[in-house]
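Notes for the structure review
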Amino acid sequence: MALRGVWQLRKLVVSYSDWGGSSRSIRAFMESHLPWFKEANPHLELETELIRGQHPHLKAFYKNNNDRVVSVRNMTPEEVLLHATRLRNALGRKVVKLKTRHVTKHPSVQGTWTTAVKF
């Protein structure tokens, strides 16, 4: 996703095994969808990495120095393309767990409003 017109994904690394069965679909993805994905995203640095004996995964490196790793073990080439597109569209921010459902900078002095208020 672009933040203020600048794409946040800097680099995408496709790691796979040339021997393992779980990498069968990512090898098909690299033959069929990867050239198109590379042409559609000229701003993106794409690398392929051969790692034998490990399951395939996608590593995304963002401009805010965060990274994400997504396992694409035993997925179809279309699902791998979907995950690569989702990584490209993400901002790269860390996921923050909210402590409450209602988050505000200035909490109400009177308390939060609920439907159970009786007058």
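Residues numbered from 1 in each chain as written. Predicted model: local features only at pLDDT ≥ 70, side-chain atom pairs only at ≥ 80, totals over all residues. Heavy atoms only, no water.

Summed over the entire model, instances satisfying the criterion amount to three salt bridges. Measuring nitrogen to oxygen at the nearest pair gives 3.3 Å for the salt bridge that ties K11 to E47. Placement of the pair is K11 in strand 3 (residues 9-16) and E47 in strand 4 (residues 45-50), with a sequence separation of 36 residues. Given a relative accessible area of 32%, E47 falls into the partly exposed group. Between K59 and E49 there is a salt bridge, with the nearest N and O atoms lying 3.9 Å from each other. Pair noted here: K59 is in strand 5 (residues 57-62) and E49 is in strand 4, with a separation of 10 residues, a long-range link. (Salt bridge = Lys/Arg side-chain N within 4 Å of Asp/Glu carboxyl O. Helix = DSSP H or I, 4+ residues; strand = E, 2+ residues; numbered from the N terminus. Buried < 20%, exposed > 50% of the residue type's maximum accessible area, 1.4 Å probe, protein only.)

A word on the UniProt feature "domain: Ribosomal protein/NADH dehydrogenase" (unreviewed entry) in the protein chain. This chain's UniProt record puts "domain: Ribosomal protein/NADH dehydrogenase" (unreviewed entry) on residues 18-91. Across residues 18-91, helical content stands at 39% and strand content at 23%; the span's end C-alpha atoms are separated by 31 Å. (UniProt positions renumbered as here; feature names shortened; annotations may be inferred.)

This part takes up the sheet that holds strand 3. Strands sit in the order 4-3-5-6 across an open sheet of four strands; the sheet is mixed. Sheet topology places strand 4 and strand 6 (67-71) at the edges, where each strand pairs with a single neighbour. Across this sheet, the average inter-strand angle for adjacent strands is 20°, counted without regard to direction. Bridge count for strand 3 against strand 5 is six bridges, and the pairing is antiparallel. Considered in strand 5, the bridge of K11 is made with F61. Taken strand by strand, helix 1 (residues 24-32) contacts strand 3, strand 4 and strand 5, and its axis lies near 130° from that of strand 3. The strands touched by helix 3 (residues 77-89) within the sheet are strand 3, strand 5 and strand 6, with strand 5 carrying the most contacts at an inclination of about 15°. (Pairing = 2+ DSSP bridges. Axes fitted to C-alpha atoms, helices over the stretch in contact; angles between N-to-C directions. Contact = heavy atoms within 4.5 Å.)

Further remarks concern helix 1. Turning to helix 1, its buried residues are S25, I26, F29 and M30. Mapping the buried residues of helix 1 onto a view down its axis gives an arc of 145°, with all of them on the same face. Helix 1 presents R24 and E31 as exposed residues on the side facing more than 90 degrees away from its buried surface. Tucked inside the fold, the buried residues of helix 1 contact strand 3, helix 2 (34-40), strand 4, strand 5 and helix 3. (Arc of directions from axis to C-beta.)

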